[in-house]
Amino acid sequence: QAAGDRAGSLRDLDAVVKRDPGDIHALLRRGLLQMEMQAYAEAGKDFDRAVAIAPDSPAALNGRGKLRHRAGNLKGAVEDFEAASKLDPTDATYHANCGALLVKLNELDRATRHLDRALELQPALSTPRYNLACIAAKRGEAPRAIELLEAAIEGGFTRADVIRGD
């Protein structure tokens, strides 16, 4: 398929899933593609099916967690990200995703554990550092919040819209 041909990619993935309804990789790719296309109900079906087929797949749980987050189901997303991080405790992304949502849910101690773990695994990540800055700010630790925010920006965090919103 030509780059950017989402409809063609979707047709190809539909054909793969039709041939092999248990192809978890095709289900996940199709779910992510549908999520990009804002076909959330269809994406949800693919992620739910992938999790049903492979409940011990961190990738399936992470995909469903992303969709749940986008749909506003933060608690459901946290459940998926936390389950993924338990199945693969060495993946910084799962910890970072979980920690970010726990900050939004104001579960700061749990968030800190996940964010710290993400940085242990991948010290160069900037977003977990930013989320730790948010936690410090919420706790009234202004000097620590500024230090972490500066470190996040130095590390590549460039989402001024997010900073303004938080």
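Everything here concerns the structure above.
Right, let's walk through the structure included here. (Residues numbered from 1 in each chain as written. Predicted model: local features only at pLDDT ≥ 70, side-chain atom pairs only at ≥ 80, totals over all residues. Heavy atoms only, no water.)

## Remarks on the overall build of the protein chain
Applicable threshold: Here a helix means four or more residues in a row that DSSP labels H or I, a strand means two or more in a row labelled E, and each is numbered from the N terminus. When accessible area is computed with a 1.4 Å probe and restricted to protein chains, residues below 20% of their type maximum are described as buried, those above 50% as exposed, and intermediate ones as partly exposed. Residue contacts are defined here by distance: any two heavy atoms, one from each residue, within 4.5 Å place the two residues in contact. The accessible surface values rely on the Shrake-Rupley method and a 1.4 Å probe; as for residues, cover is taken only from the protein chains in view. Counting rule for charge: Lys and Arg are taken as positive, Asp and Glu as negative, and neither His nor the chain ends is counted. Working definition for charges: the position is that of NZ of Lys, CZ of Arg, CG of Asp or CD of Glu.
Along the backbone of the protein chain there are 10 helices and zero strands. In the protein chain, the order of α-helices and β-strands from amino to carboxyl end is α-α-α-α-α-α-α-α-α-α. Expressed along its principal axes, the backbone C-alpha trace of the protein chain runs to roughly 55 × 30 × 25 Å. Across the 166 residues of the protein chain, 40% fall into the buried class. Long-range pairs, those at least 24 residues apart, make up 41% of the contacts in the protein chain with a sequence separation of at least 6. When the accessible surface of the protein chain is summed, it comes to about 9,100 Å², and 51% of that surface belongs to carbon and sulfur atoms. Counting 24 positive and 25 negative side-chain charges, the protein chain places the centres of these two groups 4 Å from one another.

## Some thoughts on the packing of aromatic side chains
Note the threshold: Working definition: rings of Phe, Tyr and Trp (its six-membered ring) pair if their centres are within 6.5 Å, and the pair is stacked with planes under 30 degrees apart, edge-to-face with planes over 60 apart, and tilted otherwise.
Overall, the coordinates contain one aromatic pair when judged by the stated rule. Residues Y130 and F157 carry aromatic rings whose centres are separated by 4.4 Å and whose planes lie at 5° to one another, so their mutual orientation is stacked. Placement of Y130 in helix α8 (residues 127-138) and of F157 in the loop between α9 (142-154) and α10 (160-165) is noted, with a sequence separation of 27 residues between them. Of the residues examined, Y130 reaches a relative accessible area of 4% and is grouped as buried. Judged by its relative accessible area of 7%, F157 is buried.

## Examining helix α5 (residues 74-87)
For clarity, the cut-off: What a helix should span is 1.5 Å times the count of its residues minus one.
The end-to-end C-alpha distance of α5, which contains 14 residues, comes to 20 Å, matching closely the 20 Å that a straight helix rising 1.5 Å per residue would cover. Of all the residues in α5, the buried ones are G76, A77, V78, D80, F81, E82, A84 and S85. Packing partners of the buried residues in α5 comprise α4 (58-70), α6 (92-104) and α7 (108-121).

## Observations regarding the nonpolar core
Counted only if it meets this: Definition of nonpolar core: a set of buried residues of the types Ala, Val, Leu, Ile, Met, Phe, Trp, Tyr and Cys, connected through side-chain atoms within 4.5 Å.
Counting 21 residues, the largest nonpolar core has V103, A111, L115, L132 and I135 as the members making the most contacts within it. Counting residues per element, this core draws most heavily on α8, which supplies six residues. Ranked by size, the runner-up nonpolar core spans 18 residues in total, among them V17, A26, L61 and Y94.

## Some remarks on the packing of helix α1 (residues 6-19) against helix α2 (residues 24-36)
Formally: Helix axes use the C-alpha atoms of the stretch in contact, all axes being lines fitted to C-alpha atoms, and the angles between their N-to-C directions lie in the range 0 to 180 degrees. Should an angle fall under 35 degrees it is called roughly parallel, over 145 degrees roughly antiparallel, and 65 to 115 degrees roughly perpendicular, with every other angle called oblique. Crossing handedness: left-handed means the near helix sits turned counterclockwise from the far one by under a right angle, and right-handed means the same turn made clockwise. Charged means Asp, Glu, Lys or Arg here, nonpolar means Ala, Val, Leu, Ile, Met, Phe, Trp, Tyr, Cys or Pro, and polar covers whatever is left, Gly included.
The geometry of α1 relative to α2 is characterised by a closest axis approach of 10 Å and an angle of 150° between their N-to-C directions. One finds that α1 runs roughly antiparallel with respect to α2. Read as a crossing pair, α1 and α2 show a hand that is left-handed. Mapping the contact onto sequence places R6, S9, L10, L13, D14, V16 and V17 in α1 and A26, L27, R29, R30, L33, Q34 and E36 in α2. Classifying every residue of the contact of α1 with α2 gives seven nonpolar, two polar and five charged.

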